[in-house]
Amino acid sequence: MIKAFRDTWELGIHSYLTYLRDRLLLARELLHESGSLFVQISDENLHHVRELLDEIFGARNLVSVITFKKTSGAGSFAGGTNVLPATSDYLLWFARNLERVKYHQLFRDKEAGGAGGGAYSWKLASSGARLRANEQERIQPPPGTRIFRADNLTSQTTRVGQTTVFDVLLYGQVFRPSKGGWKTNTSGMQHLVRADRLIALGNTLSYVRFIDDFPAFSLNNFWDDTTTAGFADDKSYVVQTNQRVIERCLLMTTDPGDLVLDPTCGSGTTAFVAEKWGRRWITCDTSRVAITLAKQRLMTASYDYFELKYPHEGLKGGFIYKTVPHVTLKSIANNPDIDTIYERLHPAIASALSELNDILKTHPPAQRYTVTEGARKGQQLALGSAEQAFSEWEVPFDFPEGWDQAVRPAFDAFHVARQAMQREMDRSIAAHAYQETLYDQPAVSKTKLRISGPFTVEAVPFPSVKSLDEASGPDEADTSIARTGESGRQHQWRDELLKTGIRGKGGQRLTFADLEALPADADFRHLHASGHLDSGERVVVSFGPEHAALEQRQVANALNEAGNLFPLPKMIVFCAFTFDPEAAKDIDAIKGITALKAQMNTDLLTEDLKKARASNQSFWLMGQPEVEVRTRADGLYEVEVHGFDYFDTVKGELVSGGKSKIALWLLDTDYDERSLFPRQVFFPMAGKGEGWEKLKKDIRAELDETRLAAFHGTVSLPFEVGDNRKIAVKIVDDRGIESLKVIPLN
């Protein structure tokens, strides 16, 4: 697990909110009218971020505040949980326009006695008897048993007009709503009675809702199944968001082919999830470690192949999703087939009941029968005597002990007729049920797997453009002008460089005794500071541009300017957010003076938000890639990477870093000088089961073991010369520092 984040806010929460406000303003402009934005935040700053979002998006566009569990238990007392432990984080969900927001309802599986099914405490036995279910029966019902709940049958509607206030006759007992009205009209209530979907509990009439009427329940704004304990997804970052949380956000608010932006890449979970579910994605981060992790994660990932609904339309046609029937009170009340089935099959039940009562007159039971259902519940009947016959709902479900076996055929015939009608009713109810789409359960191909599609990595920020008001100068000149624009930026960087020095390999650091700005005149346009190291050597510094790569021309001009200084400097340091490949090559080739490349941390672009402290890791020494190109006997080329040559701050010279610290290297065998297209990718530091071996395991395929091992080494596979007759090798070390070497093939 990587701890790659630092508290870089000079003014604490104020700086953080300023940083967040700028990005939220941009996000709002980028969002489609139907788009959504999610911000994950802890309870510590939930209220502050909510106020910020209210201001930017408008409080009317708040969709929901989602609470999700991140851990199942409390931490230790040392962790600060000696009072009430915090086990949840929050998602603030805002829409660009709430009236037009795209939304798909998601569902969770319903569990009897558990999630979504706590009230399902009754069972309908295979015989037809309705009984209370014990805990074991709710979890694992016996064959033929259906679990149900007695649900509310009334609503708080007005009683004006009396359209839903009427008497209901069930099992010889009359029911009437005490408050409000029934949830359906007289016709719908008759359908519920005939379909045997009502149950009387005392003086209350309830609706029988089976758990398999809809085996799922709607997801709400409390997610208690997202904990990261136990067997949850492994984390790459301490603050990494659970994959299930991001999946739900995407599935609720996007369709296949939609574009998702995550401005805080981290370990690339959003990009990974978007790729998995067929969404296009953009992600960015100021951390080189984050980008490197995300690249490896995406390149070695595999995904299920989801079947397309309309293959000729591609992703925009969507996937084939699983659907489940959703039987509701309304669908039963409006089912026209129920009356038809009742009129067709109920006469057989009435005839069988008449025959049962007739046979009981000739073979009366020795003991009175106690009624268990309906208006005569608790009464004892002397079956066979005058006016002591069974009503339909009073017939027992199991043949009573002591009854004459001559009654058995008529008893069984009655239940056969009753069950035949009930089966037809249930079949019709299922056929008329509304089908709910499960957007998180697309049809998965059994013969295909997917890997990540092509993606690009852009390393240069886009230029920032000021408005005319911002760009216009002050009416009168003052001392602040000297600290604005490019020169002001370079003064800040120089101060930071003097304070923090330059980080090197193995904890080394290049520190400065003094560092002064050079005069900005025609003689020194590309050198910006001059000073001395703690060891006494004179050094000059050239800063690259704020929103572009340091180019080859600046290297040549800075070197010429350094030659005009007296005394001559012993070292020249080029500091940049990114280096043009040709410029980096020229710096590495400089002779007669020690020339170093220093990677500038993009935290330096946050101006005053960043904490001013000597421990900041603002500048890193970049290694010089050591690459060998060989021509084989068969005329093909191959590349071997020997590692980085690092500047040793103690010895004052370049030393070999070896191959052991190469985390990743990429080879473009036909470099066009515009973008690097990695045709071969290697993971030398990958452990067992990592890198390409992870992909092999994920796709469950037979791969060439010899070729697979080669992609974990430092020697490329043979390749032919490309049209551009030039190759590019990008190396990433164990710190996330990247270096690109371009080599022409003669």
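The numbering scheme is per chain: residues are counted from 1 as the chain's sequence reads. Reporting in this predicted model follows two pLDDT cut-offs: at least 70 for local features of residues, and 80 or more for side-chain atom pairs to be given and counted; totals over whole chains, interfaces and linings ignore these cut-offs and use all residues. To obtain the side-chain values, all non-hydrogen atoms of the structure were used and water was disregarded.

### Describing the overall build of the protein chain
And then number 1: Helix and strand content of the protein chain: 16 helices and 40 strands.
And then number 2: A fraction of 64% describes how many contacts in the protein chain between residues 6 or more apart in sequence connect residues 24 or more apart.
And then number 3: Roughly 39,200 Å² of accessible area belongs to the protein chain as shown, and the carbon and sulfur atoms make up 51% of that amount. Secondary structure elements are defined from DSSP: runs of H or I of at least 4 residues count as helices, runs of E of at least 2 residues count as strands, and each element is numbered from the N terminus. Contacts between residues were defined by any pair of non-hydrogen atoms, one from each residue, lying within 4.5 Å. We get accessible surface area from the Shrake-Rupley algorithm with a probe of 1.4 Å; when it comes to residues, only the shown protein chains can shield them.

### A few points about the state of the cysteines
And then number 1: Disulfides are defined as cysteine sulfur pairs within 2.5 Å. For the structure on display, the rule yields zero disulfides.
And then number 2: The thiol of Cys284 is not disulfide-bonded; the next cysteine sulfur, from Cys265, is found 8.0 Å away.

### Some points on a nonpolar patch on the surface
And then number 1: Residues forming no salt bridge and having over 30% relative accessible area are the ones grouped into patches, like charges within 9 Å of each other and nonpolar side chains (Val, Leu, Ile, Met, Phe, Trp, Tyr) within 5 Å. Salt bridge, as applied in this entry: a Lys or Arg side-chain nitrogen positioned within 4 Å of an Asp or Glu carboxyl oxygen. There is a patch of nonpolar side chains on the surface, built from Leu26, Leu30, Leu259, Leu261 and Ile282 and spanning about 490 Å² of accessible area.
And then number 2: Looking at the nonpolar patch, the elements with two or more residues in it are helix H1 (13-30) and strand E18 (259-262).
And then number 3: Relative to the helices and strands, Ile282 is located in strand E19 (residues 280-283).
And then number 4: Burial classification: accessible surface area is computed with a 1.4 Å probe over protein chains only, and a residue below 20% of its type maximum counts as buried, one above 50% as exposed, and the rest as partly exposed. The exposure class of Ile282 is partly exposed, given its relative accessible area of 44%.

### Notes on the nonpolar core
And then number 1: What makes a nonpolar core is a set of buried Ala, Val, Leu, Ile, Met, Phe, Trp, Tyr and Cys residues whose side-chain atoms join them at distances within 4.5 Å. Of all hydrophobic cores here, the largest spans 41 residues; its most connected members are Leu153 and Phe390.
And then number 2: Elements that contribute at least two residues to this core include exactly strand E11 (168-170), helix H4 (186-194), strand E14 (198-201), strand E15 (204-210), helix H8 (329-333), helix H9 (337-362) and helix H10 (408-431).
And then number 3: If we skip the residues at most four places from it in the chain, Phe390 touches Leu353, Leu356, Asn357, Leu360, Tyr369, Leu383, Val395, Pro396 and Trp403.
And then number 4: One finds Ile66, Leu219, Met252 and Trp277 within the second-largest nonpolar core, a separate group that totals 27 residues.

### Re the pattern of salt bridges
And then number 1: Tallied over the entire structure, the rule returns 38 salt bridges.
And then number 2: Note that Arg130 and Asp196 form a salt bridge whose closest N and O atoms lie 3.2 Å from each other. Of this pair, Arg130 sits in strand E8 (residues 130-132) while Asp196 sits in the loop between H4 and E14; the two residues are 66 residues apart in sequence, bridging distant segments of the chain.
And then number 3: A relative accessible area of 29% places Asp196 in the partly exposed class.
And then number 4: Through salt bridges that share partners, Glu628, Arg630, Arg632, Asp634, Glu638, Glu640 and Lys659 make up one connected network.

### Let's talk about the sheet that holds strand E40 (residues 738-744)
And then number 1: The criterion for strand pairing is that DSSP finds at least two bridges linking the strands in question. In space, the four strands of this open sheet follow the order E38-E37-E39-E40, with antiparallel pairing throughout. A single partner strand is all that each edge strand has here, and the edge strands are strand E38 (680-682) and E40. Strand-to-strand twist in this sheet, taken as the mean axis angle between neighbours without regard to direction, amounts to 15°. Whenever a helix is involved, its axis is fitted only over the stretch in contact; in every case the axis is a line through C-alpha atoms, and angles between N-to-C directions fall within 0 to 180 degrees.

### Some words on the side chain of Lys110
And then number 1: As for its position among the elements, Lys110 is in the loop between strand E4 (107-109) and strand E5 (111-112).
And then number 2: In summary, the charge assignment counts Lys and Arg as positive and Asp and Glu as negative, without counting His or the chain termini. Buried and without a salt bridge, Lys110 has Asp213 as its closest oppositely charged side chain, separated by 8.1 Å.
And then number 3: Leaving out residues up to four positions away in the same chain, Lys110 has contacts with Ala115, Gly116, Gly117, Tyr120, Ile211, Phe214, Pro215, Ala216 and Phe217.

### Here's the deal with the confidence of the model for the protein chain
And then number 1: For every residue, the predictor assigns a confidence score, pLDDT, that lies between 0 and 100. On average, the protein chain scores 85 in pLDDT, and the residues at 70 or more come to 85%.
And then number 2: Taken together, the stretch residues 461-468 has pLDDT below 50 and engages in five contacts with residues farther than four places along the chain or on a different chain.
And then number 3: pLDDT under 50 marks residues 477-484. Its contacts with residues more than four places away, or in other chains, come to five contacts.

### A few points about the sheet that holds E8
And then number 1: The antiparallel open sheet is built from five strands, whose spatial order is E8-E7-E9-E15-E14. The open sheet terminates on both sides in strands that have one partner only, identified here as E8 and E14. On average, each strand axis in the sheet is tilted by 40° relative to the strand beside it, whichever way the strands run.

### Observations concerning the environment of Ala59
And then number 1: With respect to the helices and strands, the residue Ala59 is situated in the loop between helix H2 (46-57) and strand E2 (62-69).
And then number 2: Relative accessible area serves as the criterion here: at 47%, Ala59 is assigned to the partly exposed category.

### Describing the packing of helix H5 (residues 243-253) against helix H6 (residues 269-276)
And then number 1: Running from N to C, H5 and H6 cross one another at 55°; their axes reach a closest spacing of 10 Å. Of the possible angle classes, the one that applies to H5 and H6 is oblique. The handedness of the crossing between H5 and H6 comes out as right-handed. In contact with Gln243, Ile246, Glu247 and Leu250 of H5, H6 contributes Thr269, Thr270, Phe272, Val273, Ala274 and Lys276.
And then number 2: Basically, the charged four are Asp, Glu, Lys and Arg, the nonpolar ten are Ala, Val, Leu, Ile, Met, Phe, Trp, Tyr, Cys and Pro, and anything else, Gly included, counts as polar. Here the contact of H5 with H6 is composed, by residue class, of five nonpolar, three polar and two charged. Here the word oblique covers every angle except those under 35 degrees (roughly parallel), over 145 (roughly antiparallel) and from 65 to 115 (roughly perpendicular). The sense of a crossing depends on the near helix, which, turned anticlockwise from the far helix by less than a right angle, makes the crossing left-handed and, turned clockwise, makes it right-handed.

### Some points on helix H14 (residues 581-589)
And then number 1: For H14, the full list of buried residues reads Pro581, Glu582, Ala583, Ala584, Ile587 and Asp588.
And then number 2: Tucked into the core, H14 has its buried residues touching helix H13 (552-563), strand E31 (571-576), strand E32 (594-600), strand E34 (624-631), strand E39 (726-733) and E40.

### A short note on H5
And then number 1: Of all eleven residues in H5, ten are buried, a share of seventy percent or more.
And then number 2: Among all positions of H5, only Gln243, Val245, Ile246, Glu247, Arg248, Cys249, Leu250, Leu251, Met252 and Thr253 are buried.
And then number 3: Polar contacts here mean pairs of N or O atoms no more than 3.5 Å apart (in protein, one a potential hydrogen donor and the other a potential acceptor; neighbouring residues in sequence count only if both atoms are side-chain atoms). For H5, the capping residue at the N-terminal end is Asn242, with a side-chain oxygen 2.7 Å from the backbone nitrogen of Arg244.

### A word on the environment of Pro718
And then number 1: Within the secondary structure, Pro718 is located in the loop between helix H16 (705-710) and E39.
And then number 2: For Pro718, a relative accessible area of 38% translates into the label partly exposed.
And then number 3: As for Pro718 and Arg632, which are separated by 86 residues in sequence, their C-alpha atoms are 8.2 Å apart.
And then number 4: With residues near it in sequence (within four places) discarded, Pro718 still touches Arg632, Leu636, Tyr637 and Gln680.

### Looking at unusual backbone geometry
And then number 1: Omega for the peptide link from Phe566 to Pro567 comes to -5°, which places this bond in the cis form.
And then number 2: Here Pro567 lies in the loop between H13 and E31.
And then number 3: Unusually for a residue other than glycine, Tyr171 sits at a positive phi of about 55°.
And then number 4: Checked against the element boundaries, Tyr171 lands in the loop between E11 and strand E12 (173-175).
And then number 5: For Tyr171, a relative accessible area of 17% corresponds to the buried category.
And then number 6: In this structure, Arg725 is a non-glycine residue whose phi angle is positive, near 50°.
And then number 7: In this structure, Arg725 sits in the loop between H16 and E39.

### What to know about the packing of aromatic side chains
And then number 1: To pair, rings of Phe, Tyr and Trp, with the six-membered ring standing in for Trp, must have centres within 6.5 Å; the planes then decide the type, stacked if under 30 degrees apart, edge-to-face if over 60, and tilted in the middle. By the definition in use, this model includes 24 aromatic pairs.
And then number 2: When the centroid spacing of 6.0 Å and the interplanar angle of 50° are considered together, the rings of Phe57 and Phe94 count as tilted. Taken as a pair, Phe57 in helix H2 and Phe94 in strand E3 (residues 88-95) lie far apart in primary sequence, 37 residues in all.
And then number 3: When its relative accessible area of 0% is taken as the criterion, Phe94 is described as buried.
And then number 4: Look at Trp665 and Phe682: their rings are 4.2 Å apart centre to centre, the planes differ by 10°, and that puts the pair in the stacked class.

### Notes on the environment of Gln379
And then number 1: Among the structural elements, Gln379 can be located in the loop between strand E22 (369-370) and strand E23 (380-381).
And then number 2: Note on Gln379: relative accessible area 41%, which makes it partly exposed.
And then number 3: Expressed as a C-alpha distance, the spacing of Gln379 and Arg368, which sit eleven residues apart in the sequence, is 9.4 Å.
And then number 4: Dropping the residues within four chain positions of it, Gln379 is found in contact with Tyr369, Thr370 and Val371.

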